[in-house]
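Observations on the three-dimensional arrangement
Each chain, written out:
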Amino acid sequence: MGGWAVAVHGGAGVDPNLPLERQEQAKLLLTRCLNLGVSALRSSGLPAIDVVELVVRELESDPLFNSGRGSALTEKGTVEMEASIMDGAGRRCGAVSGVTTVKNPISLARLVMDKSPHSYLAFSGAEDFAKQQGVELLDNDYFITEDNVGMLKLAKETNTIMFDYRIPAIGSEYCSAVVENPPLTMNGLPISVYAPETVGCVVVDGQGRCAAATSTGGLMNKMMGRIGDSPLIGAGTYACELCGVSCTGEGEAIIRGTLARDVAALMEYKELSLQDAVDYVIKKRLDEGKAGLIAVSNNGEVAYGFNSVGMFRGFATENGFMEVGIW
Ligand code: ASP
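Source: prediction; values computed, not measured.

To continue, consider the overall build of the protein chain. Of the regular secondary structure elements, the protein chain holds eight helices and 15 strands. For the protein chain, buried positions account for 59% of its 327 residues. For the protein chain, the proportion of contacts with a sequence separation of at least 24, taken over those separated by at least 6, is 67%. For the protein chain, the accessible surface area stands at approximately 12,400 Å², while carbon and sulfur atoms represent 51% of it.

To continue, consider the site of the ligand. Neighbouring the ligand are ten residues, the closest being Thr198, Arg226, Asp229, Thr248 and Gly249. A distance of 2.7 Å is found between an oxygen atom of the ligand and a side-chain nitrogen or oxygen belonging to Arg226. Contacts to the ligand include Gly251, whose backbone N or O atom sits 3.0 Å from an oxygen atom. Calculation on the ligand without its partners gives an accessible area of 270 Å², and the protein chains cover 100% of this total. Across the shell around the ligand, the residue classes tally to two nonpolar, six polar and two charged.

Overall, the coordinates contain four aromatic pairs when judged by the stated rule. A network of ring pairs unites the aromatic residues Tyr304, Phe306 and Phe315 as a single cluster. Lying over the aromatic face of Tyr142, Arg69 brings its terminal NZ or CZ to 5.5 Å of the ring centre.

What follows concerns unusual backbone geometry. Located in the positive-phi region is Arg91, a residue other than glycine, with phi close to 50°. Mapped onto the elements, Arg91 comes out in the loop between β2 (81-87) and β3 (92-99). Judged by its relative accessible area of 34%, Arg91 is partly exposed.

Rules behind the numbers
- Residues numbered from 1 in each chain as written.
- Predicted model: local features only at pLDDT ≥ 70, side-chain atom pairs only at ≥ 80, totals over all residues.
- Heavy atoms only, no water.
- Helix = DSSP H or I, 4+ residues; strand = E, 2+ residues; numbered from the N terminus.
- Buried < 20%, exposed > 50% of the residue type's maximum accessible area, 1.4 Å probe, protein only.
- Contact = heavy atoms within 4.5 Å.
- Areas by Shrake-Rupley, 256 points an atom, 1.4 Å probe, with all protein chains shown as cover.
- Near = heavy atom within 4 Å.
- Polar contact = N/O pair within 3.5 Å; in protein donor to acceptor, adjacent residues only side chain to side chain.
- Nonpolar A, V, L, I, M, F, W, Y, C, P; charged D, E, K, R; others polar.
- Phe/Tyr/Trp six-rings, centres within 6.5 Å; stacked < 30°, edge-to-face > 60°.
- Lys NZ or Arg CZ within 6 Å of the ring centre and 35° of its normal.

The structure is reproduced here in structure tokens:
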């Protein structure tokens, strides 16, 4: 075994004109979360599944990225959050969608895995389960930030159904995104560029157990009831005895490519290395879609890949390697 490793992401996409100050804030947050993971692995010896939950809770509680507080808004200006978690040891998993009051959706996903007979609960059933389990609940307003209200306004003004991950864009009061003329389309719908980004964490612990967790508010100006890749095991999140994977980017493309599971399948069936499997899915499984992912293997390797402009990400390994990057 190659020791423990932890990787985090704060989403693929990234406005190429993102102000330096915001880049610095993102790097600081990623570093803080990495350090949290590192100390949990180093001193407390927590299992991988506990570490991914711990780190994603921290990301959800900070409004900077698109999960928990700071989630992207629906077309009606509300939040509908979703999350999933998977423990590679035993291939156990839990997921939630359409959550509107749960402070930390990743912990509700964990409870679905540990305390329900099911793998995935959504909307009112997920909310009822949250109440029953006694998790912290907050008014929907807590999750809505001023920045996101501004971005939703921009999305509506520019008649974009979804914000996403493609350059280039125009300046605006709220972000420096540009809307192309004629606009880019995805599934026949107009899209534009800047989006707050999803979060994820993957960990291999000192005993070689892998885990993965992903949490998001989804896409800005999404239709009510839309479910992306993040809560879907095999698409946005996957872990098994070989690896842990968390994806981000255009959910519809990630779902079609079964991105997270394909990384594991290439390692299992084709015996590819972690990085080769990651490179393959980014190159071959996304078609026109823009996305990225982070991954760890059971022998302590970390890998990432993306075909968007950037991806907020960070890595740390037992042998002292630590890196945080965006572009
Ligand atoms: N993949 C997420 C979704 O489609 C968005 C993101 O990663 O930023 O909901």
